Amino acid sequence: MTLIPRQHLYGNPERTSAQVNSDGSRIGFLAPKDGLLNVFVIHSDQLPTAVTNDNVRGIRIFGWTEHPDIVWFMQDKGGDEDWKVYTVNVTTGKEVCLTPTDKTTSRPVGVSKEFPDHALIMNNKRDPQFLDLYLINIHTAEAKLVLENDESFAGFTPDHEFSSVIASRVNADSSVDFYHVKLDTFSNNQQQQLATKTTTITTKTTKLISPESTTITTNKTTTTAITPVPEPAAPKASNGTHVLHLTTENAGYGDTGPQGFSADLSSIYFASFQDRNTSAFVKYNLTTKEITQVYGGDERGDISGSLINPVTHEPWAYQTNYARKRYVAIDETDAALAADFAVLDAQAGRGGDGEWNVESMSSDGSVWVIQISKSDHALQYYLYNRVSREASFLFDTRPVLASYKLNRMQAVEIMTRDGLTMLAYITIPRKYEGTGGKYSSEPIPLVAHVHGGPYARDEFGFNRFHQLLSDRGYAVISPQFRGSTGLGKAFLAAANGEWSGKMHDDIIDACDWAVENGIALKDKIAIHGGSYGGYCALVGVTFTPEYFACAVDIVGPSNICTLLDSIPAYWGPIKAMFTTRIGASPDTEEGRAFLLARSPISKVDNIVRPLLIGQGANDPRVKQAESDQIFNAMVEKKIPVTYFTAVTEAFLAKHLGGSFEQVGSDFDGSSIEFKGGREDIGL
């Protein structure tokens, strides 16, 4: 059997992340330049041109400003997430660092047609704990503080005129308050007045030159400097008008923020849990503080996005995502939008294995960049013209995979031991696909892939990990355990205080389901994940030490106390929500005892199964010390452990019996360091 080379799945895509500029004349995307991702631009029928030249780390986040010639991008150093924001003019090549201050982090908040030469950017240079809002000139990097974040507001959503924002604040009980705050941006959008004042003074002088008097008129012009009026101090976020309080139950986890303002700025659109379990897309009046319109939702899954007309600022559609994403048109009589959706449904093969998503659009809404996702095909991008209703192919992110037969993903529902319905995604190698209602023709080794967060979720579609492991002969299951977002507020709340408890039970239940349905071999199940998923892998070998055949932990915290202690200062607004969800605070002895009891480091003596650990040296959330703690404890107790990320294939092949691609020269020239266990897997 010919294996899909790792490089085809995990190497840089050939092209990805297409974005259209404001006037629809250019497409930007990411592509490798000398082996590192950079921003490229296509104009008309011209060949793609690299407009950035990152030769250290590569660029992964970029977008267009309202200026049709200028893109922005973000970059950090070695993964430390001290982000800087840059712009580059794609015509002249001029690059500008908008946020040059070191040891700070920044992220763009928005652009506006009213301010085509500026961008709103959050930055914590004034105080490491608070991300303030700056209006920054994209040509010169001249910055003005337009909103001071004085009370740990977690985020800002600007209106389309940059006259105000909705500021969100997370409270100690995980409830959320929204404030409507005016911005000090008006003066930045006006042409500077002349710095001098010219005055003409007319004087009349009467002189007696002869017996007759003579009047002489003279004009005198003087120029006087005008003393500039000092700009007022930036408004403080706390001085805004309180417009909405979301209880802990209705706050969700970062998925209830505003998605846009109405044309007259009197209302916002957002996802609301009020009087329902799953969120609905609604219109909310900022003055009356009432929901004035409920557009709709899905009883199984939450709102995952929306399409809003950038000219009229009226919503076209909302998007839901239970097992699959789908757009729902708000105006069923809008024949033009219905025709658009029909074209895109056909292009994606909706109803089969495909779905589509609008990634970006021009400022007039006439040109859309569409991403099409299928579970057995790499992501594709199309340019859709709403006038001609034509979807033009842009590129395939990994065209090299077209020569391989990829495996299909399925969405299934699993009943947990305490009666909850849990969504899961499974992928089974094609040669083992079952018939007659069976998932698999025979039981095979299984890898449980656990997503990070944990307050996040997996989605249907092309998944590199599912493809790699199913290609190597494993079934793969991704359980959306309680605490996964997008599945209703009751399902989210069911995870409170359940790290290593019922959240872990859900993963075991998903694996048991796979065994009961003839998919998995009971004694050949591995658990794998990153971040919280890595924590679950550690829980798997410490709290349920004999259930899994082996475990793979990538940047997983082994000690919840030290994890919370190491949270960056600017994460302060969400730390309270995080500790509430986990169940205790590390700031009290009682809380630390609770957290330690749920930490794998406290049960390291229980480990009897092989463990692979991988860690990034500069990870700002899960510090290297987290992985070092459990690695050192296992070494001290002489328990076999391998500390490395890129050898998952060989590790799983040894302990589950699947295939793997030899490492070859993959380590050459890298900074990879083995801290132990290399000989155990034959590398």
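Quick caveat: nothing in here was measured; it's all calculated off a predicted structure.

**A word on the overall build of the protein**
(1) Moving on: The number of helices and strands found in the protein is 11 helices and 37 strands.
(2) Moving on: In the protein, which comprises 683 residues, the proportion classed as buried is 54%.
(3) Moving on: Sequence separation of 24 or more characterises 55% of the internal contacts of the protein that already satisfy a separation of 6 or more.
(4) Moving on: A total accessible area of about 29600 Å² is found for the protein, and carbon and sulfur atoms account for 49% of it.

**A few points about the sheet that holds strand β23 (residues 303–308)**
(1) Moving on: The strand order across the open sheet formed by three strands is β23-β24-β25, and the pairing between neighbours is antiparallel. The open sheet has two edge strands with one neighbour each: β23 and β25 (325–329). Direction aside, neighbouring strands of the sheet carry axes that sit 25 degrees apart on average.
(2) Moving on: The sheet contact formed by strand β24 (residues 315–321) and β25 spans five bridges and is antiparallel. When the sheet's bridge partners are listed, Tyr-318 is paired in β25 with Val-328.
(3) Moving on: Contacts from helix α2 (residues 335–348) reach β23, β24 and β25 within the one sheet, and its direction differs from that of β25 by about 160 degrees.

**Considering the sheet that holds strand β9 (residues 106–110)**
(1) Moving on: Judged by pairing direction, the sheet is antiparallel, and its four strands sit side by side in the order β9-β10-β11-β12 without closing on themselves. At either margin of the open sheet sits one strand with a lone partner, and together these are β9 and β12 (143–147). Recorded for the sheet is a direction-independent mean angle of 40 degrees between the axes of neighbouring strands.
(2) Moving on: Sheet analysis places strand β10 (residues 118–127) next to strand β11 (residues 130–137), joined by seven bridges and oriented antiparallel. Bridge pairing links Ile-121 to Tyr-134 in β11.

**Observations concerning the nonpolar core**
(1) Moving on: Counting 79 residues, the largest nonpolar core has Ile-477, Trp-499 and Phe-578 as its most contacted members.
(2) Moving on: Leaving out residues up to four positions away in the same chain, Phe-578 has contacts with Tyr-253, Gly-453, Pro-454, Tyr-455, Trp-499, Leu-563, Leu-564 and Ile-567.
(3) Moving on: With 24 residues, the next largest nonpolar core counts Val-447, Phe-465, Ala-526 and Val-555 among its residues.

**Some words on the confidence of the model for the protein**
(1) Moving on: In the predicted model, the protein carries a mean pLDDT of 87, and 84% of its residues have values of at least 70.
(2) Moving on: The low-confidence segment residues 188–219 (pLDDT under 50) makes 50 contacts with residues lying over four places distant or belonging to another chain.
(3) Moving on: Across residues 221–227, where pLDDT falls below 50, the model places 17 contacts with residues more than four positions away in sequence or in other chains.

**Notes on the environment of Asp-275**
(1) Moving on: When you line up the elements, Asp-275 lands in the loop between β20 (267–272) and β21 (280–285).
(2) Moving on: As a C-alpha pair, Asp-275 and Asn-250 span 25 residues in sequence and 8.8 Å in three-dimensional space.

**Concerning the packing of helix α5 (residues 502–516) against helix α6 (residues 532–542)**
(1) Moving on: For the pair α5 and α6, interaxial distance at closest approach is 11 Å and the crossing angle is 80 degrees. By the criterion of interaxial angle, the relationship of α5 to α6 is roughly perpendicular. In this structure, α5 contributes Met-503, His-504 and Ile-507 to the contact, and α6 contributes Tyr-532, Cys-536, Val-539 and Gly-540.

**Side note on the packing of aromatic side chains**
(1) Moving on: Counting across every chain of the model gives 26 aromatic pairs.
(2) Moving on: Taking 5.4 Å as the distance between ring centres and 35 degrees as the angle between the ring planes, the aromatic pair formed by Tyr-532 and Tyr-535 counts as tilted. Of this pair, Tyr-532 and Tyr-535 are both found in helix α6, three residues apart, which corresponds to roughly one turn of the helix.
(3) Moving on: Considering the side-chain rings of Tyr-547 and Phe-548, the 4.9 Å spacing of their centres and the 75 degrees angle between planes classify their relative orientation as edge-to-face. Of the two residues examined, Tyr-547 and Phe-548, each falls in the buried class.
(4) Moving on: Geometry around Trp-316 places Arg-386 over its ring, the cationic atom sitting 4.7 Å from the centre.
(5) Moving on: A cation over a ring is seen here: Arg-598 above Phe-594, with NZ or CZ 3.6 Å from the ring centre.

**So, the pattern of salt bridges**
(1) Moving on: Going through the model one piece at a time under the given rule, you end up with 28 salt bridges.
(2) Moving on: For the salt bridge of Arg-408 with Glu-433, the shortest nitrogen-to-oxygen distance reads 2.6 Å. Here Arg-408 is found in the loop between β29 (390–396) and β30 (409–415), whereas its partner Glu-433 is found in the loop between β31 (421–427) and β32 (444–450), with 25 residues between them in sequence.
(3) Moving on: Take Arg-408: its relative accessible area is 34%, and that puts it in the partly exposed class.
(4) Moving on: A single salt-bridge network, built from bridges that share partners, covers Arg-6, Asp-471, Arg-472, Glu-649 and Glu-661.

**A look at the environment of Met-74**
(1) Moving on: If you trace the backbone, Met-74 turns up in strand β6 (residues 70–75).
(2) Moving on: Since its relative accessible area comes to 7%, Met-74 is described here as buried.
(3) Moving on: Residues Met-74 and Val-85, 11 residues apart in the sequence, show an inter-C-alpha distance of 4.7 Å.
(4) Moving on: If we skip the residues at most four places from it in the chain, Met-74 touches Ile-59, Ile-61, Trp-83, Lys-84, Val-85, Ser-106, Arg-107 and Pro-108.

**Quick notes on helix α3 (residues 464–471)**
(1) Moving on: Of all eight residues that make up α3, seven are buried, and the element is covered over most of its length.
(2) Moving on: Buried within α3 we find Phe-465, His-466, Gln-467, Leu-468, Leu-469, Ser-470 and Asp-471.
(3) Moving on: Where α3 starts, the residue carrying a side-chain oxygen 3.0 Å from the main-chain nitrogen of Phe-465 turns out to be Asn-463.

**A word on the side chain of Lys-489**
(1) Moving on: Note on placement: Lys-489 falls in helix α4 (residues 489–493).
(2) Moving on: Once residues within four sequence positions are removed from consideration, Lys-489 is found in contact with Glu-249, Asn-250, Phe-273, Arg-276 and Asn-277.

**What about the side chain of Asn-357?**
(1) Moving on: With respect to the helices, strands and loops of the structure, Asn-357 is situated in strand β26 (residues 354–361).
(2) Moving on: There is a polar contact of 3.1 Å between the side chain of Asn-357 and the side chain of Tyr-327.
(3) Moving on: Residues within four places of Asn-357 in sequence aside, it is in contact with Gln-319, Lys-325, Tyr-327, Val-369, Ile-370 and Gln-371.

**So, the pairing of β11**
(1) Moving on: Burial within β11 is extensive, with eight of its eight residues counted as buried.
(2) Moving on: A loop of two residues connects β10 with β11, the two strands running antiparallel in sequence.
(3) Moving on: Looking at chain direction, β11 and β12 are connected through four bridges and run antiparallel. Within the sheet, the bridge partner assigned to Leu-133 lies in β12 and is Leu-147.

**Quick look at the environment of Thr-101**
(1) Moving on: Residue position: Thr-101 is located in the loop between β8 (95–97) and β9.
(2) Moving on: Taking the C-alpha atoms as reference, Thr-101 lies 6.9 Å from Lys-125; in sequence the two are 24 residues apart.
(3) Moving on: Look past the residues within four positions of Thr-101 in its chain and what remains in contact with it is Lys-84 and Lys-125.

**Describing unusual backbone geometry**
(1) Moving on: Between Gly-453 and the following residue, Pro-454, the backbone shows a cis peptide bond with an omega angle of 0 degrees.
(2) Moving on: Summarising the element assignment, Pro-454 is placed in the loop between β32 and α3.
(3) Moving on: Positive phi, normally seen in glycine, also occurs at Asp-275, with a value near 60 degrees.
(4) Moving on: Here Asp-275 falls in the exposed class, since its relative accessible area comes to 74%.
(5) Moving on: For Lys-289, which is not glycine, the phi dihedral falls at a positive 55 degrees.
(6) Moving on: Mapped onto the fold, Lys-289 is located in the loop between β21 and β22 (290–297).
(7) Moving on: With relative accessibility at 42%, the residue Lys-289 sits in the partly exposed group.

Calculation notes
- Residues numbered from 1 in each chain as written.
- Predicted model: local features only at pLDDT ≥ 70, side-chain atom pairs only at ≥ 80, totals over all residues.
- Heavy atoms only, no water.
- Helix = DSSP H or I, 4+ residues; strand = E, 2+ residues; numbered from the N terminus.
- Buried < 20%, exposed > 50% of the residue type's maximum accessible area, 1.4 Å probe, protein only.
- Contact = heavy atoms within 4.5 Å.
- Areas by Shrake-Rupley, 256 points an atom, 1.4 Å probe, with all protein chains shown as cover.
- Pairing = 2+ DSSP bridges.
- Axes fitted to C-alpha atoms, helices over the stretch in contact; angles between N-to-C directions.
- Core = buried A, V, L, I, M, F, W, Y, C linked by side-chain atoms within 4.5 Å.
- pLDDT = per-residue confidence, 0-100.
- Parallel < 35°, antiparallel > 145°, perpendicular 65-115°, else oblique.
- Phe/Tyr/Trp six-rings, centres within 6.5 Å; stacked < 30°, edge-to-face > 60°.
- Lys NZ or Arg CZ within 6 Å of the ring centre and 35° of its normal.
- Salt bridge = Lys/Arg side-chain N within 4 Å of Asp/Glu carboxyl O.
- Polar contact = N/O pair within 3.5 Å; in protein donor to acceptor, adjacent residues only side chain to side chain.

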